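# An overview of the molecular structure
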Amino acid sequence: MEFLKTKYQRDYWANVILGVLMIVLVVVLAVNFFIAIRNSQISSRKEFLASQTELVSRQLEKEIYRFEIDAKVVRNFIDDEDMDAEDYRQEFTETIRRVFNSYPNLIDSVWVDFQDSLISFEMTPRNDFIRRTLTDEESLDGKLTHEVVGKRDIDLLFFINLPSFTVNFVADYYLDPEGAKYLVMDEKIIQLSGLKSGELSFPEETTSEIESDVELGLKGVYDLVWQSEGGEGSGVAAQYPFDFGQLKEGASLVFLLKTDDLNSGIYSTYFYLFAVLVLILGGTVVIFTFSLNNNEKSRRQLEKKSNEIADLFEQQSLLLQELKGFVFFHNHQGKITRVTKEVERILGRNLEEFQKAFQKDSRSEDVRRLRKYILSAVQKQYPHLDFEYDYVRRDGKKIRLRIFEKLHYDESGKFLGGSGICTDITTQYESRNELIQSENRLRNVIENIPDVISIYDNGGKILSLDIKDHGDFLDNSKSLIGQNIKKAISKSQRDKIWNAFENSRMTGRIQTVEWKVKIKNVQKYFEVRFFPLDNSLMMSISKEITAQKVWEQGLIDAMNTADKANQAKSEFLANMSHEIRTPLNGLLGIIDLLEHTNLSEKQLQYLQIIKTSGNSLLNIIKDILDYSKIESGKIELTEEAFNPADELEKVTNIFLGMTKRKHIKLSSNIDEQARAWFEGDREKWVQVLLNLVGNAIKFTPDRGQIFIRLRAEMLTETAYFIHCEIQDSGIGIPEENIPYLTDPFYQVESSSERSFQGTGLGLAIAKKIIQIMGGDLEIKSQVGEGSVFSFQVLLSKLEDQDVTAKEDYMGTASEDIRLGERFPLRILLAEDNDLNLELMSLMLHQMHYEFDVARNGLEVLSALKERPYDLILMDVQMPILNGLEATRRIREGSAQSDVMIIGLSANVFDEDFKKAMEMGMDEYLTKPIRLSILAAKLEQAHIRLREKLIN
């Protein structure tokens, strides 16, 4: 071993062997590096494919979901009943076109079947949008369709091309040029983009695995090896299942990347690099190992020190910025030797001004004060100085400064100078003062609150109890301190109060509970509010509410009393109305019958007086009931389409006979806008007009004049005020009486010899109705010159003005002819009252109708089983089984469940009418029954029966 004798040789061969080992190690590392990179890239491609496939699938589902929503929008467009033919030609076509453009290649065509025509919409390859009418319906075999169902009998059908849409959609997502995209649908793998057809085919086992995962709804990543025309290949594929919304379920996207090019790519990329590195390492590894190691150690130490210094400076700068302060240094004479730049921001003076202010001959009051503080501290050999004082900046702003200074001495105790930090503590100082003031305010509030204030720990232990102005309340309050709140409260209220305590502690919110306690046999009430003070303490404020509870109970009792009185009044009015209308029914009914008998002129005159008196009594009852309903808030507005101008003309026609008898000139001026169709309560509008126009005619003397003006004022596109003004040349009203005219039962002439009769309720009812309809009534009058009654109501103008006028059908036949022969009906009369039964019998016999009689609801049901009827005149109130229940049973199970039923009742409230309609009655006549009205209803029943037989 001659070559190992010297130290140099040993070192040389040691270095050679070390270099060879390092080269071998580098080669081994290179191979492992190659394998690691290859595996990393394959893993990276798998993750990329999986995430990309999932992203595309989810986005595709969202896009299909958005399409389904847009399809429903198209459906809603079709279902809009306000659409006309022009809308279908323009807006509907444009809507379909937007759907085509929003989802390229998804829709092949759209069919809209209007039952009488079939319209097709298509987009050509040149993006030409075509709408055409199909003469023959094409076959749907093999085509994927999406039908959107709606309210109207119009079919909407979308022909869908999911593969074409998917090709277009996935094209926006990047994939390696050596990759491919597939769609799995209907157990088929459809290539969307990427490799040319025939370059690869999925192995059967991989295809089976993919189809199985798709069927189970599982995503997956697969390693592939295949044989193709170019030889054997390998790759990875990622599959993510999804649904095309409601169009198609059980689909999946498959993204594929080839991996057989990784080996050659990595080899060509890194081989030469590693070869060069091996050569370099072979020549330099031994020479530079130790020097590089030492240099690395030196560099790390230097970097560490540099980082520490940089961190220190950064921390100092951040600290000064956060503290809003600056650092200063001065010598034993007080001259500033160094100061940081933050002084300009804090004191508003630049560095030069600040240093000049601390010269020996400085006259600054602030400097003199600081030197006085420092001199006093130096004389007492204080190690540091800490104080605050106010400083006024140059801009006039007053700030609070805190100075903390370290005083430096030598070994003999001689003062060398100082260094310190000056900070702006204005915000903290103001907050501190505000906190002190808040504490003082809170202390004053607590000391002056007459309520009981208690403090507890979280377990409910009473730590403090403050009771003021309660005298004999809790005389042993001091003994309660230290006890648990559960023991201080009676068992009956313990759980309620403890739950409030716990809820407040757990939620951190105020919990309020009522506490009832007896103090010297006197029941008292307290409102206790629990809330947390902090994490460990709870507080409660107990306010005595005994007087409030007594007042509340009194208010409740008063309200109950008022409700009972109001209910009793309503029941009384309803009963009185029923009892008065029952004999009045016989009176007015007999009058109607007598009118059609042979009477002398004198007898007719007497009969007319009786009839007028009966009608007046009936109107008085109606007025009283109307005002009672309005006063109790039971009146409701019924919305329907009507023309205010037409209704006004109808009202004036009603009074045409009166105006002719008194030779009154009645004229009107109607604005064109008021002739439009509006939505509101027609009956209330007519009732107001009847009242006001009737009053004008009544108080206008013979040969007088009445002028009516009607106009519309637009508030918004649909909201209008309808103004009506009724001006007469009547007797006029004294000015002092005008404010009371709308009071109930008020009469200008209250004596028994007054010229004009009436209840005094008409104007009161009219004003209430006008106010309910959103307007107000205004009255102007002068004695001897006449009066002007003006009002306005709020109505909604209809968008569609093509409305057919609704007329009240009153019949064409007069009641004095043989109505039963012209309009024959099989009638069943259900009535238990002998007087009413006799009256109805006379009326029907006079009109030549034959009928059967039932005395209660059970007899009605039995009669329906015996023979068929066209009409039932059903009294509502009957013994054994009333008319409402009998009607319900007929509608639910009778063989003649569709027979027409007209209810007869003396009850005239709206709820009575609604209840009758809910039970199934077709019409509802209120007593007294007038012969003309009954004749019209019988004629109407015959016409309805005839139309039913024709249909």
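All of these numbers come straight from a predicted model, not from anything done at the bench. (Residues numbered from 1 in each chain as written. Predicted model: local features only at pLDDT ≥ 70, side-chain atom pairs only at ≥ 80, totals over all residues. Heavy atoms only, no water.)

### Looking at the overall build of the protein chain
Cut-off, in case you're wondering: Numbering of helices and strands starts at the N terminus; helices are DSSP runs of H or I of at least 4 residues and strands are runs of E of at least 2. Partly exposed describes any residue whose relative accessible area lies between the buried limit of under 20% and the exposed limit of over 50%, with all areas from a 1.4 Å probe on protein chains only and scaled to the type maximum. Here a residue-residue contact requires only that any non-hydrogen atoms of the pair lie within 4.5 Å. Per-residue accessibility takes into account occlusion by the displayed protein chains alone, with areas from the Shrake-Rupley method and a 1.4 Å probe.
Scanning the protein chain from N- to C-terminus turns up 24 helices and 32 strands. Taken over 951 residues, the protein chain has a buried fraction of 38%. Long-range contacts, defined here as pairs at least 24 residues apart, represent 59% of the contacts in the protein chain between residues at least 6 apart. Of the roughly 56100 Å² that the protein chain leaves accessible, carbon and sulfur atoms contribute 51%.

### Some points on the packing of aromatic side chains
Keep this limit in mind: Between the rings of Phe, Tyr and Trp (Trp by its six-membered ring), a pair exists once the centres lie within 6.5 Å; its type follows the angle of the planes, with under 30 degrees stacked, over 60 edge-to-face, and the other angles tilted. Consider the ring centre and the ring normal. A charge sits over the ring if Lys NZ or Arg CZ is within 6 Å of that centre and within 35 degrees of that normal.
Following the criterion strictly, the structure yields 23 aromatic pairs and no others. Relative to Phe169, the ring of Phe165 has its centre 5.9 Å away and its plane inclined at 35 degrees; by these criteria the two rings are tilted. Placement of both Phe165 and Phe169 in helix α3 (residues 162-170) is noted, with a separation of 4 residues, approximately one turn of the helix. Given a relative accessible area of 2%, Phe165 falls into the buried group. Among the aromatic residues, those joined into a cluster by ring pairs are Phe77, Phe92, Phe100, Phe121 and Phe129. One Lys or Arg, Arg400, reaches over the ring of Tyr429 and ends 4.4 Å from the middle of that ring. Directly above the ring of Trp498 sits Lys486, whose terminal nitrogen or CZ lies 4.4 Å from the centroid.

### Topic: the UniProt feature "modified residue: 4-aspartylphosphate" (unreviewed entry) in the protein chain
Operational definition: UniProt positions are given in the numbering used here, feature names are shortened, and annotations may be inferred rather than shown by experiment.
Annotation from UniProt places "modified residue: 4-aspartylphosphate" (unreviewed entry) at Asp875. For Asp875, the location among the structural elements is in strand β30 (residues 871-875). Excluding residues that lie within four positions of it along the chain, Asp875 makes contacts with Ala830, Glu831, Asp832, Gly883, Leu904, Ser905 and Lys927.

### Things to note about the nonpolar core
Keep this limit in mind: Only buried Ala, Val, Leu, Ile, Met, Phe, Trp, Tyr and Cys residues count toward a nonpolar core, and they belong to the same one when joined by side-chain atoms within 4.5 Å.
In terms of nonpolar packing, the biggest core is built from 47 residues, with Phe158 and Phe244 touching the most fellow members. For this core, the element with the most residues is helix α1 (residues 7-79), which contributes 10 residues. Ignoring anything within four residues of it in the chain, the contact list for Phe244 reads Leu60, Ile64, Glu68, Leu162, Thr166, Leu183, Met185 and Ala251. Core analysis: the second largest hydrophobic core is formed by 41 residues, Phe642, Ala674, Val693 and Ala696 among them.

### Here's the deal with the layout of surface pockets
Inclusion rule: Here a cavity means grid points, on a 1 Å grid over the protein atoms only, where a 1.4 Å probe fits yet cannot get out; a pocket means an open set of points with protein on both sides within 12 Å along at least five of seven lines; lining residues are those with an atom within 4 Å of a point. Grid points are joined across faces, edges and corners, and a volume is the space filled by probe spheres set on the points. Asp, Glu, Lys and Arg are counted as charged, while Ala, Val, Leu, Ile, Met, Phe, Trp, Tyr, Cys and Pro are counted as nonpolar; the rest, among them Gly, fall into the polar class.
Estimates place the volume of the second largest pocket at around 560 Å³. Lining the second largest pocket we find 30 residues, and of these Phe358, Asp366, Val367, Leu370 and Arg371 sit closest to its centre. Put simply, the parts of the chain that give the lining of the second largest pocket at least two residues each are β11 (325-331), α7 (351-357), α8 (365-379), β13 (384-392), β14 (398-409) and β15 (415-424). The dominant element in the lining of the second largest pocket, judged by the number of residues it contributes, is α8, at 7 residues. For the lining of the second largest pocket, the residue count by class is 19 nonpolar, 6 polar and 5 charged.

### As for the pattern of salt bridges
We count it as follows: When a carboxyl oxygen of Asp or Glu is within 4 Å of a side-chain nitrogen of Lys or Arg, the pair counts as a salt bridge.
By the definition in use, this model includes 33 salt bridges. The shortest N-O distance in the salt bridge between Lys46 and Asp223 comes to 3.1 Å. You can see Lys46 sitting in helix α1 and its partner Asp223 sitting in strand β8 (residues 220-228), a full 177 residues away along the chain. Judged by relative accessible area, Lys46 falls into the partly exposed class, the value being 24%. When its relative accessible area of 54% is taken as the criterion, Asp223 is described as exposed.

### A look at the sheet that holds strand β28 (residues 827-830)
Note the following rule: By this definition, two strands are paired if DSSP reports at least two bridges between them. Only C-alpha atoms enter the line fits that serve as axes; for helices the fit covers just the stretch in contact. Angles between N-to-C directions range over 0 to 180 degrees.
If you walk across this open sheet you meet the 5 strands as β29-β28-β30-β31-β32, and the pairing is parallel. The sheet is open, and its two edges are formed by β29 (851-854) and β32 (923-926), each paired on a single side. For this sheet, the mean inter-axis angle between neighbouring strands, taken without regard to orientation, is 20 degrees. Contacting β28, β29, β30 and β31 (900-905), helix α20 (residues 834-846) crosses the sheet at an angle of about 160 degrees to β28.

### Focus on the environment of Arg58
Looking at the element boundaries, Arg58 is found in helix α1. For the pair Arg58 and Tyr240, spaced 182 residues apart in sequence, the C-alpha to C-alpha distance is 9.2 Å.

### A look at the pairing of strand β27 (residues 786-797)
Pairing geometry for strand β23 (residues 678-680) and β27, over 2 bridges, is antiparallel. Bridge assignment links Phe678 to a residue of β27, and that residue is Lys797. Sheet analysis places strand β25 (residues 719-728) next to β27, joined by 10 bridges and oriented antiparallel. Within β27, the position partnered with Ile726 by the bridge is Phe789. In the sheet, strand β26 (residues 776-782) pairs with β27 via 7 bridges, with the strands oriented antiparallel. Following the sheet pairing, Leu777 is matched in β27 by Phe791. Here β26 hands over to β27 after 3 residues, with Gly784 in that stretch at a positive phi of 85 degrees.

### Re the sheet that holds strand β1 (residues 107-113)
With antiparallel pairing, the 5 strands of this open sheet are ordered in space as β3-β2-β1-β5-β4. Only two strands of the sheet have a single partner each, and these edge strands are β3 (129-134) and β4 (144-148). Neighbour to neighbour, the strand axes of the sheet diverge by 20 degrees on average, direction disregarded. Summarising the sheet, β1 and strand β2 (residues 118-123) pair through 5 bridges and their orientation is antiparallel. Within β2, the residue paired with Trp111 across the bridge is Ser120.

### Considering the side chain of Ser841
We apply this condition: In the analysis that follows, any N or O atom pair within 3.5 Å is treated as a polar contact, provided that within protein one partner can donate a hydrogen and the other can accept it, and provided that, for residues neighboring in sequence, both atoms belong to side chains.
You can see Ser841 is positioned in helix α20. Judged by relative accessible area, Ser841 falls into the buried class, the value being 14%. Engagement of the side chain of Ser841 in a polar contact is seen with the backbone oxygen of Leu837, the distance being 2.7 Å.

### Quick look at the packing of helix α17 (residues 682-699) against helix α18 (residues 762-772)
Note the threshold: Crossings are assigned a handedness: left-handed for a near helix turned anticlockwise from the far helix by less than a right angle, right-handed for a clockwise turn.
Across the interface, α17 lies against α18 with an axial gap of 10 Å and an inter-helix angle of 145 degrees. Crossing angle aside, the handedness with which α17 passes α18 is left-handed. Listed contacts from α18 to Lys684, Gln687, Val688, Asn691, Leu692 and Asn695 of α17 are Gly762, Leu763, Ile765, Ala766, Ile769 and Ile770. Class assignment for the residues of the contact of α17 with α18 results in 7 nonpolar, 4 polar and 1 charged.

### Overview of the environment of Pro879
With respect to the element layout, Pro879 can be found in the loop between β30 and α22 (883-893). As for Pro879 and Gly857, which are separated by 22 residues in sequence, their C-alpha atoms are 7.8 Å apart. Excluding residues that lie within four positions of it along the chain, Pro879 makes contacts with Asp832, Arg855, Asn856 and Gly857.

### Things to note about α17
Here is the rule: Each helix should span, by expectation, one fewer than its residue count multiplied by 1.5 Å.
Counted at 1.5 Å a residue, the expected span for α17 with its 18 residues is 26 Å, and the 26 Å between its end C-alpha atoms agrees. Where burial is concerned, most of α17 is hidden: 13 out of the 18 residues are buried. The residue sitting at the N-terminus of α17 and contributing the capping side-chain oxygen is Asp681; that oxygen lies 3.2 Å from the backbone nitrogen of Glu683.

### Overview of the environment of Pro701
Turning to its location among the elements, Pro701 is positioned in the loop between α17 and β24 (705-714). Residues Pro701 and Ser729 lie 28 residues apart in sequence; the distance between their C-alpha atoms is 7.9 Å. Excluding its chain neighbours within four sequence positions, the residues that come into contact with Pro701 are Ile664, Ser729 and Gly730.

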